[in-house]
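# Close look at the chain arrangement
Spelled out, the chains give:
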Amino acid sequence: MPRHILLTGARGAGKSVLIRRLLVAAGMPVYGFITKREAADASGFHPIYIHPAGIPEQERTHTEENLAGMCDRRVHTVRPEAFNALGAGCLRAARPGGVLVMDELGFLEADAETEMFQQAVFAALDGDIPVLAAVKDREDIPFLGAVRTHPNAALYTVTPQNRDALYALLAPRVLAWRERGGA
C-alpha cells in the first residue's frame, strides 16, 4: 500500500478541511507548508503566502519573505525564492515521528523556476515520513502530474459529497502512521 496520501479536487471541495481533520486524528508533529490565498488588494490581486504547516493560523505572518506570489483571475506572478527558501526548508525540516503536509501544490509552484523546491517535494515523496498533500487537479502541468502519479502515493479526489466518507476511509491510515512512529 502506498505510504503517502494525496488529495485532489476542485477549489472549495474541502481538501484543506480534510487535511486539518486528518492531522487532528493523527496527533503527530506537523511539518511541511501551507499556502494561503488572502483577500484581494486594491488592484484586485490576491497575495498568496507560504507558511510552515506547524504554525497556528493566528501566528502566521505576512512578509515579503513568505510572499509566494500574486494572482487574479487571469494573471499571476510567482516569487520562486519563497518556494526555494521557505518551502524547501519546511520540507527538509521534517523529522521521523511526524507527518509532512503540503497544502497546496498548485500552479505557482509549477510555474516558478523552483528546481530546489520541486526536488524537495520529490525527495519527500521518495522518503519514509508520511506525506499528506493537496495537489491541484491540473492536467496541463507536468510537475503536478508527476506528483499525482508518484508510486509511493495514493490519490483521492475530494468532493463536498464524499469528504466525510474519505475521512472515515483515511483516518485509520493516519492513525497507523502514529502507531508505526511516522514510518
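## Some thoughts on the overall build of the chain
Of regular secondary structure, the chain possesses 6 helices and 8 strands. When the helices and strands of the chain are read in sequence order from the N terminus, they spell out β-α-β-β-β-β-α-β-α-α-β-α-β-α. For 183 residues, the compact-globule estimate of 2.2 N^0.38 gives 16 Å, and the chain sits close to it at 15 Å. Considered along the principal axes of its C-alpha atoms, the chain spans approximately 50 × 35 × 35 Å. Roughly 9000 Å² of accessible area belongs to the chain as shown, and the carbon and sulfur atoms make up 54% of that amount. Put simply, the chain has 20 plus and 21 minus side-chain charges, and the middle of one group is 6 Å from the middle of the other.

## Side note on the sheet that holds strand 8 (residues 153–157)
As summarised here, the arrangement of the 8 strands in space is 5-4-3-2-6-7-1-8, forming an open sheet in which the pairing is mixed. Sheet topology places strand 5 (76–78) and strand 8 at the edges, where each strand pairs with a single neighbour. Shown here is a sheet whose adjacent strand axes are inclined to one another by a mean of 15°, direction ignored. Where strand 6 (residues 99–105) and strand 7 (residues 131–135) come together, 5 bridges link them in parallel fashion. Each residue of the ladder has a partner; that of leucine 100, found in strand 7, is valine 131.

## Some details on the pattern of salt bridges
This model, assessed by the stated rule, comprises 8 salt bridges. A salt bridge links glutamate 104 to lysine 136, with the shortest nitrogen-to-oxygen separation between them at 3.3 Å. Note that glutamate 104 is positioned in strand 6 and lysine 136 in the loop between strand 7 and helix 5 (142–148), a separation of 32 residues in sequence. Like lysine 136, glutamate 104 is buried. Among the salt bridges present, the one from arginine 148 reaches glutamate 139, with a minimum N-O distance of 3.6 Å. On the basis of relative accessible area, arginine 148 is assigned to the buried category, the value being 8%. Members of the salt-bridge network, linked through shared partners, are Lys15, Glu104 and Lys136.

## Some points on the side chain of asparagine 84
Among the secondary structure elements, asparagine 84 is positioned in helix 2 (residues 80–92). In this structure the side chain of asparagine 84 is engaged in a polar contact, spanning 3.5 Å, whose partner is the backbone nitrogen of methionine 116. Of note is the side chain of asparagine 84, whose polar atom sits 3.0 Å from the backbone nitrogen of phenylalanine 117.

## Looking at the layout of surface pockets
Of the voids in this model, the largest pocket is the one considered here, and its volume is about 860 Å³. Forming the boundary of the largest pocket are 31 residues, of which Ser16, Thr35, Lys36, Asp103 and Glu104 lie nearest the centre. Elements with a contribution of two residues or more to the lining of the largest pocket: helix 1 (15–26), strand 2 (30–37), strand 6 and helix 3 (107–111). Its residues placed into classes, the lining of the largest pocket shows 14 nonpolar, 6 polar and 11 charged. Lining the second largest pocket, in full, are Arg11, Arg37, His46, Cys71, Asp72, Arg73, Arg74, Val75, His76 and Phe107.

## A short note on the environment of aspartate 103
Looking at the element boundaries, aspartate 103 is found in strand 6. In this structure aspartate 103 comes out as buried when scored by relative accessible area, which is 7%. Setting aside chain neighbours within four positions, we find aspartate 103 in contact with Ser16, Ile19, Phe33, Ile34, Thr35 and Ala134.

Conventions we followed
- Residues numbered from 1 in each chain as written.
- Predicted model: local features only at pLDDT ≥ 70, side-chain atom pairs only at ≥ 80, totals over all residues.
- Heavy atoms only, no water.
- Helix = DSSP H or I, 4+ residues; strand = E, 2+ residues; numbered from the N terminus.
- Rg over C-alpha atoms; globule rule 2.2 N^0.38 Å.
- Areas by Shrake-Rupley, 256 points an atom, 1.4 Å probe, with all protein chains shown as cover.
- Lys, Arg positive; Asp, Glu negative; His and termini not counted.
- Charge placed at Lys NZ, Arg CZ, Asp CG, Glu CD.
- Pairing = 2+ DSSP bridges.
- Axes fitted to C-alpha atoms, helices over the stretch in contact; angles between N-to-C directions.
- Salt bridge = Lys/Arg side-chain N within 4 Å of Asp/Glu carboxyl O.
- Buried < 20%, exposed > 50% of the residue type's maximum accessible area, 1.4 Å probe, protein only.
- Polar contact = N/O pair within 3.5 Å; in protein donor to acceptor, adjacent residues only side chain to side chain.
- 1 Å grid on protein atoms, 1.4 Å probe; cavity = no way out; pocket = protein on both sides within 12 Å on 5 of 7 lines; lining within 4 Å.
- Points joined across faces, edges and corners; volume = space filled by probe spheres on them.
- Nonpolar A, V, L, I, M, F, W, Y, C, P; charged D, E, K, R; others polar.
- Contact = heavy atoms within 4.5 Å.

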